[in-house]
Structure formats: structure tokens, C-alpha cells
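Below are the chains, spelled out letter by letter.
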Amino acid sequence: MSARLIQTVLCAAIFAAGPVLAEVPEWTERIRLSGSSDVGFFGGGSDSVVSDDGFRVWDARLFVDAELGDDLGFGDTPVVRNAGFTFEWNLVRNGNVDNDVGLLYVDLEGIGRSTWFNARVGRFQIPFGEAYLLYSKGYADRYFAQQPVGGPWWWDEGVLVHGASPRGRVGYVASITNGDTDFGDVGGDVQVTFKLWGQPFSFLRVSASALWSDELGQVDGSLWLGEGWPRPFGSGGPPIPNIVDGVAVPDDPDGLGHTWAVGADAILTPLDGLRVWIGGGRFAIDSRGAARYDRTLWYWIAEVVAGGELLSPALHPLFVGVRVDGVSTGDEDRGYLLDVRYTGAYGYNMEHIVAYTAVVGWQLGDYLTLRAEYSRRDVDLVKGAEGVVPGRLGDEDLYTIALGVHF
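Here goes a summary of the coordinates provided. In this text, all values refer to a predicted model and were calculated from it rather than measured experimentally.

**Some points on the overall build of the chain**
Line of reasoning, step 1. The number of helices and strands found in the chain is 3 helices and 20 strands.
Line of reasoning, step 2. In terms of its C-alpha atoms, the chain occupies a principal-axis envelope of roughly 85 × 50 × 50 Å.
Line of reasoning, step 3. The 407 residues of the chain split such that 48% are buried.
Line of reasoning, step 4. Here the contacts in the chain between residues at least 6 apart in sequence split such that 63% fall between residues at least 24 apart.
Line of reasoning, step 5. On the chain, roughly 18800 Å² of surface is accessible, and the fraction owed to carbon and sulfur atoms is 63%.
Line of reasoning, step 6. Side-chain charges of the chain comprise 30 positive and 54 negative groups, with the mean position of each set lying 4 Å from the other.

Below, the structure written as C-alpha cells:
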């Protein structure tokens with residue numbers, strides 16, 4: 001085929017597709033694709049959660065956001081200022097292929113033309129505390145590569161409402177969801193959350209959160225603390241003895257009863273380039289049966305991040321951060337599975353897990369961040385458990401050199 005004939009065919013094809021191509025911007029302007037990923041070197045001690053050193057894709061997720069319309073209502077009476085749709089494809093998490101659904105909701109903003117009433121219907125992050133904002137789309141703004149072990153989060157399906165004063169000084173977020181950790185309703189009943197937040201000064205944000213769930217039975221609860229969540233005591237792992245009050249007890253045969261949690265957070269930014277986050281709370285996980293299976297978990301986090309601009313404007317892309325966070329039963333005779341990555345090592349005999357983490361980072365432009373991070377994990381077991389579990393205490397180090405990408 002001659003070059004002139006090829007040119008003629010291409011011109012004819014472009015001319016014929018003209019009406020179709022002209023319509024493309026109409027929908028592309030309403031849809032936005034975005035994503036984030038962490039790639040690099042991840043390693044740890046022989047008994048850590050990353051015991052095999054190597055290069056990994058640690059996290060990867062894609063998002064689709066679509067505008068569904070403005071000023072929706074009845075005739076000339078607007079009811080919703082704006083409607084949208086968000087979908088998250090959770091590809092990789094903690095170095096493992098998940099390939100599941102994260103966020104998936106319809107967003108209704110400005111219901112009744114008010115700043116106080118907005119809604120999300122579908123699957124969303126449970127609005128409790130401040131740590132959940134580090135997940136999903138929050139990966140783009142975080143400073144640390146490793147997520148906190150003492151941060152409440154996870155997704156759930158239901159209805160979320162939120163609002164704020166016109167000046168943004170005070171607001172709320174509330175939800176009612178299934179209350180189970182799996183996708184969809186697999187046996188949970190109802191979980192209710194309420195979060196009240198305030199910004200009394202430009203440098204201070206505070207929030208208080210509360211959560212309550214109905215009896216769950218043999219279903220796992222939906223609010224996670226790091227990589228642990230409410231489970232029937234002794235379930236979901238290998239046959240490791242459960243040591244309670246110094247003696248071995250069987251798994252809980254009755255399942256979960258009610259769960260409830262309260263927490264508070266404060267985020268301070270007293271100087272440009274300085275951010276301090278302090279938070280903590282209490283999570284009660286009761287059994288439907290014997291009281292010896294009831295557990296109360298205490299969680300906390302203290303984090304400081306300082307930017308290079310505190311020393312010189314030329315160092316603005318650099319930052320350093322330190323964080324101490326943890327989860328504990330507060331009882332050396334009664335443990336729990338505080339991180340599922342230790343299931344085969346310690347079972348339900350963990351009295352606490354505390355992480356001491358330091359990071360040095362460099363923001364390479366608007367879409368790329370280089371991080372070098374070290375974290376020491378301190379795990380304590382209940383009395384009498386150390387000699388009967390297969391895991392060895394110690395070597396709980398994690399180290400990371402990774403590139404974080406978001407677009």
C-alpha cells in the first residue's frame with residue numbers, strides 16, 4: 001500500500017470519526033483517574049512481619065471519580081448541590097496482592113443547599129479518629145511508609161452523613177453500617193459511629209469519636225486498630241494455646257457480643273513545617289458468653305513531623321518524623337491478637353505491641369516522595385505464654401527505602 005493511499009485512508013477515518021471524537025471530552029471532563037503506590041526495598045528481622053528482605057510493591061491502588069451532576073432536584077427546586085461517585089481498586093496492600101474493593105460510594109453534597117448536611121451511600125472509611133485519613137486517598141499525603149499499629153480504620157458499607165459550619169470551625173461525621181469486616185453484609189447487624197471535630201484556631205484541630213456495634217456472634221467486627229480487629233477469642237489461627245490468667249483455655253464458643261469505642265485526637269501545626277499529632281482511645285470487645293473472653297484494648301499515637309524549611313527555605317523538600325504508637329490490653333494476664341500478621345507466632349497471647357518509628361523523606365516534586373524509614377516493634381506476651389508459643393520475642397525491626405507515587 002502506497003504512502004499516499006495510507007494517508008488518504010487515515011484522513012477518511014479521522015473525518016468519519018469526527019462526530020464521535022467531538023463527544024469524548026463531554027464524559028472525560030466528568031471522570032478523573034488517580035492512584036498511588038509504594039515501591040522499594042522492605043526488610044526486617046527474622047521474627048518481624050517482613051522477615052524476607054527484598055524489593056517489593058508494598059502498596060498500589062487506583063481511583064475513579066465521576067461527576068454525576070449539579071443542582072439536582074424536583075423541577076426548579078434544587079435538593080442536592082452536587083452528586084458524584086468514587087471507586088477504589090485496592091490492588092496491593094502490605095506487599096500482598098489484595099485485588100479487592102476499597103471505597104465505593106455515591107456522594108451527595110449540599111443536601112438542602114446546606115453545608116451541614118452531606119451524605120455518602122455505599123462503602124467508605126469508618127469515620128472514627130484521624131488515622132483512617134491515612135488510608136485510601138490519604139496515602140498521597142502521609143509522611144510514613146508504615147501505617148501506625150495503633151490507628152483505628154477500615155472500610156464498611158452503609159450511610160455516612162457529614163457537615164460543617166460555613167466557616168469550617170466545627171463539624172461532624174456520623175455513620176450507620178453493617179459492622180462486619182468482610183465486604184458486604186455477611187452477618188453483622190448494625191454499627192453506629194459519631195465524630196465531632198473542631199478547628200478553634202488555624203493551628204489546632206481536635207476531634208472526639210464514639211462507636212457502638214450490636215452483637216456480632218461469629219462475625220469479625222469492622223473497626224481495625226492497625227492490623228488487628230475484633231474477633232471471637234481464639235478464632236482464625238493455628239492451634240496455639242490461649243493463656244488466660246496463667247492457664248490454657250479453649251476458644252470462645254459463643255462469639256462476639258457488643259463492641260464500643262471512644263477516642264480523641266489533637267493535631268497541632270504551630271509553625272510552618274511542624275506537625276504534631278496526639279491521639280488515643282479505648283476499645284471494648286465483649287463476648288456473648290464468659291467474661292474471661294472480654295477484652296479492653298487501649299490504643300495511642302504520638303507523632304511529630306518537621307520540614308526542612310524550619311532550618312532554611314532551601315531545605316523545604318526535606319522532612320523528618322518520629323512516631324510512637326501502640327495497642328495494649330492493659331492486663332498482663334489477658335492477651336489478644338493485636339496484629340494478625342503475628343497469628344502464627346503468638347496467637348491471642350499478645351499483651352501489647354508498640355512501634356517506635358523514624359523517617360527521613362524528600363518530596364521530589366508534586367507526585368513523588370522518597371522515604372528512608374526504620375521501625376522497632378516491641379511485643380510483650382501475657383504471663384505464662386512465652387514458653388508455649390512458637391514465636392520468639394525480639395528481632396522486630398522493620399526498615400524501608402521506598403518511593404511513594406501519587407497522581
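Read on, since the account is not over.
**A closer look at the pairing of strand β15 (residues 274–287)**
Within a regular beta strand, the side chains point alternately toward one face of the sheet and then the other, so they alternate between its two faces.
Line of reasoning, step 1. Where strand β14 (residues 256–271) lies against β15, 12 bridges are found, and the strand directions are antiparallel. Of the residues in β15, the one forming a bridge with L268 is V276.
Line of reasoning, step 2. Here β14 folds back onto β15 in antiparallel fashion, the turn holding 2 residues, of which G273 has a positive phi close to 95 degrees.
Line of reasoning, step 3. Direction of pairing for β15 relative to strand β16 (residues 295–307): antiparallel, over a ladder of 12 bridges. When the bridges of β16 are listed, W277 appears paired with E303.

**Some points on the pattern of salt bridges**
Line of reasoning, step 1. Evaluation of the coordinates by the stated rule reveals 23 salt bridges.
Line of reasoning, step 2. Across the pair K195 and E130 runs a salt bridge, and its minimum N-O distance is 3.2 Å. Of this pair, K195 sits in strand β9 (residues 191–201) while E130 sits in the loop between β5 (118–125) and β6 (152–153), and the two are 65 residues apart along the sequence. As far as burial versus exposure is concerned, K195 and E130 are alike and both buried.
Line of reasoning, step 3. Between R231 and D220 there is a salt bridge; the shortest N-O distance is 3.4 Å. Placement of R231 in the loop between β11 (224–225) and β12 (242–244) and of D220 in the loop between β10 (204–213) and β11 is noted, with a sequence separation of 11 residues between them.

**Concerning the packing of aromatic side chains**
Line of reasoning, step 1. Per the counting criterion, the structure on display carries 18 aromatic pairs.
Line of reasoning, step 2. Judged by centre distance (4.0 Å) and plane angle (25 degrees), the rings of W224 and W229 are stacked.
Line of reasoning, step 3. With a relative accessible area of 12%, W229 lands in the buried category.
Line of reasoning, step 4. A ring pair is formed by F233 and Y348, whose centres lie 5.1 Å apart and whose planes are at 55 degrees; its orientation type is tilted. Placement of F233 in the loop between β11 and β12 and of Y348 in the loop between α3 (343–346) and β18 (350–363) is noted, with a sequence separation of 115 residues between them.
Line of reasoning, step 5. Chaining the aromatic ring pairs together yields one cluster made of Y135, Y139, W153, W154, W155, W224 and W229.
Line of reasoning, step 6. Its guanidinium or amino end placed over the ring of W197, R205 lies 4.8 Å from that ring's centre, counting from NZ or CZ.

**Some points on the side chain of T86**
Line of reasoning, step 1. With respect to the helices and strands, T86 occurs in strand β3 (residues 77–93).
Line of reasoning, step 2. Of note is the side chain of T86, whose polar atom sits 2.7 Å from the side chain of D65.
Line of reasoning, step 3. Every residue in contact with T86, bar those within four places of it in the chain, is listed here: V64, D65, L103, L104, Y105 and K137.

**Quick notes on the pairing of β3**
Line of reasoning, step 1. Sheet analysis places strand β2 (residues 54–74) next to β3, joined by 14 bridges and oriented antiparallel. Paired with G73 across the bridge in β3 is P78.
Line of reasoning, step 2. Where β2 folds back onto β3 in an antiparallel hairpin, the turn is made up of 2 residues, including G75, whose phi is positive at roughly 60 degrees.
Line of reasoning, step 3. Sheet topology note: the β3/strand β4 (residues 96–111) ladder contains 11 bridges and is antiparallel. What sits directly across from N82, in β4, is E109.
Line of reasoning, step 4. The antiparallel pairing of β3 with β4 creates a hairpin that spans 2 residues between the two strands, and N94 there sits at a positive phi of about 55 degrees.

What counts, and where the lines are drawn
- Residues numbered from 1 in each chain as written.
- Predicted model: local features only at pLDDT ≥ 70, side-chain atom pairs only at ≥ 80, totals over all residues.
- Heavy atoms only, no water.
- Helix = DSSP H or I, 4+ residues; strand = E, 2+ residues; numbered from the N terminus.
- Buried < 20%, exposed > 50% of the residue type's maximum accessible area, 1.4 Å probe, protein only.
- Contact = heavy atoms within 4.5 Å.
- Areas by Shrake-Rupley, 256 points an atom, 1.4 Å probe, with all protein chains shown as cover.
- Lys, Arg positive; Asp, Glu negative; His and termini not counted.
- Charge placed at Lys NZ, Arg CZ, Asp CG, Glu CD.
- Pairing = 2+ DSSP bridges.
- Salt bridge = Lys/Arg side-chain N within 4 Å of Asp/Glu carboxyl O.
- Phe/Tyr/Trp six-rings, centres within 6.5 Å; stacked < 30°, edge-to-face > 60°.
- Lys NZ or Arg CZ within 6 Å of the ring centre and 35° of its normal.
- Polar contact = N/O pair within 3.5 Å; in protein donor to acceptor, adjacent residues only side chain to side chain.

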